[in-house]
Amino acid sequence: FARMFVQVCLYFYCTCLWRCLKFVVRKLTGQCELQRICYNTKPGAARTMKIEASLKASKSKRLQTSVSVHPDAIEKTIDDIMELKKINPDINPQLGVSLQACLLQIVGYRNLIAEVEKLRREPYDSENPQHEEMLLKLWKCLKPHSPLKARISKQWCEIGFQGDDPKTDFRGMGLLGLYNLVYFAEWDTEIALQVLSDSLQPKYREVTKKELSQLSKAEWEKKKFDKAIGYSFAIVGINITDLAYNLLVSGALKTHFYNVAPEAPTLTHFQQTFCYLMHEFHKFWIEEDPLDIMEFNRVREKFHKRILKQLQNPEMALCPHFAASESLVNM
């Protein structure tokens, strides 16, 4: 009870102190917190995340709800903020522009989560012609010189599905997994084909004389030939889709999207990020040099932590250099 009482007192003390400090700073500078952030922080994740935190922490309900308005209501919301904060738009014209850019990113990120979630929840339907068309497009992009002999075929294993019918592999991520794989194969075809090719290649391991002296012939043969880069391309793609989804929903991707998307981040930005993650995971897998596919979860978790660490940098943009992102970066 004593600890709880101290924590409550500390909370109210800090809250009051923080509001008093804001009041004093405004009186001294003649600027509200939103003005100070926009004028003293360069555009990008650093500014947008500070604006978002300031609006959410405001005691005004109008400011708190401004981060979740409809995109069409953003201009009206900016006017309301300027009025509430008693800021003359004629004297501070750039403030409205800066706030609008930040709100477009904030609201756009929330809408992107909803769009991605909708795709994730939609199951693959083999009776839906659009779903089937996308699946066949994936095959044609990855195997342009090998016609698919039948819709239900062992050939699907050649691009990393588990069985004769890929639809069963999309259960975890729904249509989102297929959307991402098709985007990767269609827009970063060269890299996708290289990753697919590498994932199918055996990697022979040289055994030292010391190891040879300690192993029987059977053990040596197993260690030499069972080790491979190999993993199931499509299954890993669906798994990396899950990783990208979790990064998005947790808010970790805000740093990247607020730096890459000049306005609202879109599904294309998300898919382009998936391309980057697929390529980087493939390189990371090779660097980690796992014994076999049974180490996948360990490698994936280590890769996840590596990406999270990178995204802690407010200036981080994961993939502005990627081929699929060139048109987005130049907006």
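Above this text you will find the structure in question.
Parameters at a glance
- Residues numbered from 1 in each chain as written.
- Predicted model: local features only at pLDDT ≥ 70, side-chain atom pairs only at ≥ 80, totals over all residues.
- Heavy atoms only, no water.
- Axes fitted to C-alpha atoms, helices over the stretch in contact; angles between N-to-C directions.
- Helix = DSSP H or I, 4+ residues; strand = E, 2+ residues; numbered from the N terminus.
- Parallel < 35°, antiparallel > 145°, perpendicular 65-115°, else oblique.
- Contact = heavy atoms within 4.5 Å.
- Nonpolar A, V, L, I, M, F, W, Y, C, P; charged D, E, K, R; others polar.
- Phe/Tyr/Trp six-rings, centres within 6.5 Å; stacked < 30°, edge-to-face > 60°.
- Buried < 20%, exposed > 50% of the residue type's maximum accessible area, 1.4 Å probe, protein only.

Draft legend 1. Region of the structure containing the packing of helix H8 (residues 174-187) against helix H14 (residues 267-288). Axis separation between H8 and H14 bottoms out at 9 Å; the angle between their running directions is 70 degrees. Taken as axis vectors, H8 and H14 run roughly perpendicular relative to one another. On H14, the residues touching Leu176, Tyr179, Asn180, Leu181, Tyr183 and Phe184 of H8 are Leu267, Thr268, Phe270, Gln271, Gln272, Phe274, Cys275 and Met278. A breakdown of the residues in the contact of H8 with H14 according to their chemical character gives 10 nonpolar, 4 polar and no charged.

Draft legend 2. Spatial organisation of unusual backbone geometry. Even without being a glycine, Lys86 presents a positive backbone phi close to 55 degrees. Within the secondary structure, Lys86 sits in the loop between helix H5 (74-84) and helix H6 (93-121). Backbone geometry at Asp289 places phi at a positive 55 degrees, although glycine is not the residue there. Along the chain, Asp289 turns up in the loop between H14 and helix H15 (296-311).

Draft legend 3. Up close: the packing of helix H2 (residues 33-40) against H6. Close contact between H2 and H6 brings their axes to 10 Å; oriented N to C, the two are set at 85 degrees. By the angle class used here, H2 and H6 are roughly perpendicular. Residues Leu34, Gln35, Cys38 and Tyr39 of H2 form the contact with H6, whose own contacting residues are Leu95, Ser98 and Leu99. Within the contact of H2 with H6, the residues separate by chemical class into 5 nonpolar, 2 polar and no charged.

Draft legend 4. A look at the packing of aromatic side chains. Counted by the stated rule, this structure contains 15 aromatic pairs. Seen from their ring centres, Trp139 and Trp156 are 5.5 Å apart, and the 75 degrees between their planes marks the pair as edge-to-face. Residue Trp139 is located in helix H7 (residues 129-142), and its partner Trp156 is located in the loop between H7 and H8; the two are separated by 17 residues in the primary sequence. For Trp156, a relative accessible area of 0% puts it in the buried group. For the ring pair Phe281 and Phe296, a centre distance of 5.5 Å and an interplane angle of 65 degrees mean the geometry is edge-to-face. With Phe281 in helix H14 and Phe296 in helix H15, this pair connects stretches of sequence that are 15 residues apart. We note that Phe281, like Phe296, is buried. By way of ring pairs, the aromatic residues Tyr231, Phe281, Phe284, Trp285, Phe296 and Phe303 are connected into one cluster.

These figures capture arrangement, not role.
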